[in-house]
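Chain residues, written in single-letter form:
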Amino acid sequence: MAEVTASRSVKVRHMMSTLGTAGTAFCAGLASGLLLLLLVYVTIQGIGALNPSFFFDVPKPVGVPGGGVGNGILGSTIMIGIAGLLSAPIGIGCGIYLANFGRGPAAAGVRYLSDVLAGIPSIAIGLFAYTLFVQPFGHFSAFSASVALGILMLPLIVRTTEEAFRAVPSEIREGSLALGLTTFSTTMRVLLPAARPLLATGLILAIARVSGETAPLLFTAFGSQFWETNPFAPMAELSLQVFTYAISPYAEWHRIAWGGALVLIVVVFLLNVAARVVIKPVAKSR
Amino acid sequence: MSVEVQTGAQPLDASPSGRVIVDRALVARLKLSDVSFRIALTVAPLIYVALIVALFLMLAKGSSEAFAKFGLSFTWNSVWNPVTGQFGGLPFIYGTIVSSFLALLLAAPVGIYAAAYLAEFAPPLLSKTLGFMIELLAAVPSVVYGLWGLFVLAPIIRNYFGPAVQSVLGFLPIFQGPIYGIGMLTAAIILSIMILPTVTAISRDLIQAVPAAQREGSLALGATRWETVQNVLLPYVKTGIFGALVLALGRALGETIAATMVIGNRPHISASLFAPGYTLASVIANEFTEATSSIYTSALIELGFLLFIVSLIVNGVARLMLWTIMRQR
């Protein structure tokens, strides 16, 4: 009798185990299924809006057929480009500093602040850029948006740069120093080439991180109806256009919003995949 | 050195007596290079830290006008009426907290158990693929989530989910009132999807890093794999998972565009989850460019400053927790 109950409880426990495992599989399936759902839906809704005029035209007023987000795509490229130019030197410098001299409490502090900054809402950073570059000059500008985006890129660049330099085997660093090279030459001529793929990954991910940002641009770049290329004037931006069109009441504009969303998602995913491809040869050679 | 001298092979920089000749000028030059490189490199972190300090100061300065006028009552005053110049932040604080915690409530179980599957049960290739897909969920631009929430999720809530819930649980105050589709619940669902990758990725890494002895000990004692996950692995990493949840909460608190598109944007405190609400971030997004007076702008910056301080604390705590755990390993 006792044996029967024991075996029964074992059976129950095994059933529970199977059920529990299935439950966790369901959770993982749900999470990744959401991505597929989103991808498929955005593709179906957005693909119809994609045509040459979508990519090469400026927005048209409601009721006028056609019109596109060409100026937004150009604006995004310009702003992210400037953001990268602003943040890469500071971020990479910080990362190299942390990798080279990152032992004391000061370095730990920088690292901690950087991690915390990564979690600060982008809209707060946008407000900062506003108080710094919009309020004093009295007009919106693409440059102020680039500053906001650049700050958003910093934590990721700092972190990946440090990791990239730390990932170089210490024998290489020690060998170089033992041969009499200075820290500067070691860093620039020996470590940098070895760290370059991981460094590129970090930059690509940082660009991917900000290319979908909308919130800090609302009151910095502001948006524009024209082919604006002056960084000190208000400029159009793709995700900003998607936002504006999405909350408009016009079906025609909703269509363009879906098209823009599709472009955004494809760009961000390609960047994420590119980041992994760049990293691969490194992973293999180890 | 002395060995080489004995074998007759003279090192280039050694004198016949075996003593090393040092080119002092060269050494000085190398040392100078090292020192100046270090000083030059220190500039970058200094700029970085200065930026973060400036961030704090500029937001504080921008909100000083509103703070001088309303003081601390700003945080518990619930009237927001720009026309009459009344600015109270409570509806936004309430909306931010409710939507974020609800999102966390939805995302935590799914995220943690998904992580358990990826770390413990899934075959390696499947685990990698699903893990990458879930991480991509974090890369989807927030405006895309907003768009999907507005045109897909909101109608589902309005036409199917809402009425169904109301017919069963309609006696609860949180499910009463008209269903607009956009509102607190819709925002919470969208936010929960957005923070799911944070919970899953960190939890998975934590579970994978549990020492094999813990896992093997439990299995050797006769526990099933599920019991091992439930009774050994998850309790082992609970502090870390708590840190991950706090981090995810920080994400949800500051999420702007997606929340703005689906929460309904009404500065009103309502018990119903179907009712529209407003968050700190979304009121800034909506009204900042339309703020007509300097006190209006300042009140909005103060809301941003509040959000900044809260996420500073939340992220600071989360990072500290995760750091201590990583250091124990």
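Predicted model only: the values in this text are computed from it and were never measured.

Undergrad: Before we go on, may I ask you to explain the environment of Ala106 of chain A in this structure?
TA: Here Ala106 of chain A shows up in helix α4 (residues 105-117). Taking C-alpha positions, Ala106 of chain A is 33 Å from Gly212 of chain A, a pair spaced 106 residues apart along the chain.

Undergrad: Which parts of the structure should I look at to understand the packing of aromatic side chains?
TA: The way to describe two aromatic rings as a pair is by their centre distance and the angle between their planes. All names here are of chain A. With the rule as written, the count across this model stands at 26 aromatic pairs over all chains. Measuring from ring centre to ring centre gives 5.3 Å for Phe133 and Phe143, while their planes differ by 90°; the resulting arrangement is edge-to-face. With a gap of ten residues between them, Phe133 in helix α5 (residues 122-134) and Phe143 in helix α6 (residues 142-166) connect regions that are remote in the sequence. The exposure class assigned to Phe133 is partly exposed, which follows from its relative accessible area of 23%.

Undergrad: Whenever I open this one, the interface of chain A and chain B confuses me. Can you help?
TA: One frequently used descriptor of interface size is the decrease in accessible area upon assembly of the parts. With 81 residues of chain A in contact, the opposing surface of chain B contributes 78 residues. Each partner contributes to the roughly 6,900 Å² buried at the junction of chain A and chain B, and carbon and sulfur atoms together form 82% of this total. Summed over the shared surface of chain A and chain B, the result is two salt bridges. The residue Glu227 of chain B makes a salt bridge to Arg13 of chain A at a minimum N-O spacing of 2.8 Å. Secondary-structure elements contributing two or more residues to the side of chain A that touches chain B are α1 (2-47), α3 (70-101), α4, α5, α6, α8 (183-211), α9 (238-246) and α10 (251-285) of chain A. No other element matches the 20 residues that α1 of chain A contributes to the side of chain A that touches chain B.

Undergrad: Please clarify how the packing of helix α8 (residues 212-220) of chain B against helix α9 (residues 225-236) of chain B should be interpreted in this entry.
TA: Axis angle and axis distance: for two packed helices, these are the angle between their axes and the distance between the axes, and together they describe the pair. All names here are of chain B. Look at α8 against α9: their axes get within 10 Å of each other, and the N-to-C directions meet at 145°. In this structure, α8 meets α9 at a crossing whose hand is right-handed. In this structure, α8 uses Gln214, Arg215, Ser218 and Leu219 to contact α9, whose residues at the interface are Arg225, Thr228, Val232, Leu233 and Tyr236.

Undergrad: Any chance you could explain the domain arrangement of chain A here in plain terms?
TA: Residues and elements named next belong to chain A. According to the domain assignment, chain A contains domain 1 (2-47) and domain 2 (53-285). When each unit is reduced to the centre of its C-alpha atoms, the spacing between domain 1 and domain 2 is 37 Å. Each side of the interface is counted separately: domain 1 has eight residues, and domain 2 has six residues. Carbon and sulfur atoms supply 87% of the area that domain 1 and domain 2 bury against each other, a total of about 650 Å² over both sides. Joining domain 1 to domain 2, the criterion identifies zero salt bridges. Here domain 1 and domain 2 share zero residue pairs in polar contact (both at pLDDT 80 or more) between them. Per-class residue counts for the side of domain 1 that touches domain 2 are five nonpolar, three polar and no charged.

Undergrad: Could you clarify how one ought to interpret the packing of helix α6 (residues 142-169) of chain B against helix α7 (residues 184-208) of chain B in this entry?
TA: All names here are of chain B. Remark: α6 packs on α7, axes separated minimally by 9 Å, with the N-to-C direction vectors making an angle of 135°. Between α6 and α7, the angle falls in the class oblique. Between α6 and α7 lies a crossing whose hand is right-handed. In this structure, α6 uses Ser142, Tyr145, Trp148, Gly149, Leu153, Ala154, Ile157 and Phe161 to contact α7, whose residues at the interface are Leu185, Thr186, Ile189, Ile190, Ile193 and Met194.

Undergrad: Is there a simple way to explain the domain arrangement of chain B in this structure?
TA: All names here are of chain B. One can read the domain layout of chain B as domain 1 (3-62) and domain 2 (70-328). Using only C-alpha atoms to locate each centre, domain 1 and domain 2 end up separated by 47 Å. Tallying the contact residues gives five residues for domain 1 and five residues for domain 2. Ranking the residues of domain 1 by area buried against domain 2 places Phe56, Leu59 and Gly62 at the top, with a combined share of 80%. The interface formed by domain 1 and domain 2 includes zero salt bridges. Counting the contacts that link domain 1 with domain 2 gives one residue pair in polar contact (both at pLDDT 80 or more). Of the residues in the side of domain 1 that touches domain 2, the class split is four nonpolar, one polar and no charged.

Undergrad: Even after reading the chapter, I still don't get the pattern of salt bridges, so can you show me in this structure?
TA: When charged atoms on two side chains of opposite charge get close, those side chains can pair. Using the criterion set out here, one finds twelve salt bridges over all chains in the structure. In this structure, Arg255 of chain A and Glu252 of chain A form a salt bridge, with 3.5 Å as the shortest nitrogen-oxygen distance. On the criterion of helical spacing, the pair formed by Arg255 of chain A and Glu252 of chain A is a turn pair, its members being three residues apart in helix α10. Looking at Arg255 of chain A, the relative accessible area reads 35%, which means it is partly exposed. Owing to a relative accessible area of 31%, Glu252 of chain A belongs among the partly exposed residues under this scheme. By sharing partners, the salt bridges in this structure join Arg276 of chain A together with Glu135, Arg204 and Asp205 of chain B into a single network.

Undergrad: Mind showing me how you'd approach the environment of Asn286 of chain B here?
TA: Residue and element names in this part refer to chain B. The topology assignment puts Asn286 in helix α12 (residues 280-287). For Asn286, a relative accessible area of 22% corresponds to the partly exposed category. Considering only alpha carbons, one finds Asn286 and Tyr236, 50 residues apart in sequence, at a separation of 44 Å.

Criteria and thresholds
Residues numbered from 1 in each chain as written. Chains lettered and ligands numbered in written order. Predicted model: local features only at pLDDT ≥ 70, side-chain atom pairs only at ≥ 80, totals over all residues. Heavy atoms only, no water. Helix = DSSP H or I, 4+ residues; strand = E, 2+ residues; numbered from the N terminus. Phe/Tyr/Trp six-rings, centres within 6.5 Å; stacked < 30°, edge-to-face > 60°. Buried < 20%, exposed > 50% of the residue type's maximum accessible area, 1.4 Å probe, protein only. Contact = heavy atoms within 4.5 Å. Buried area = accessible area lost by both parts, 1.4 Å probe. Salt bridge = Lys/Arg side-chain N within 4 Å of Asp/Glu carboxyl O. Axes fitted to C-alpha atoms, helices over the stretch in contact; angles between N-to-C directions. Left-handed = near helix turned anticlockwise from the far one by under 90°. Domains from an automatic or database assignment. Polar contact = N/O pair within 3.5 Å; in protein donor to acceptor, adjacent residues only side chain to side chain. Nonpolar A, V, L, I, M, F, W, Y, C, P; charged D, E, K, R; others polar. Parallel < 35°, antiparallel > 145°, perpendicular 65-115°, else oblique.

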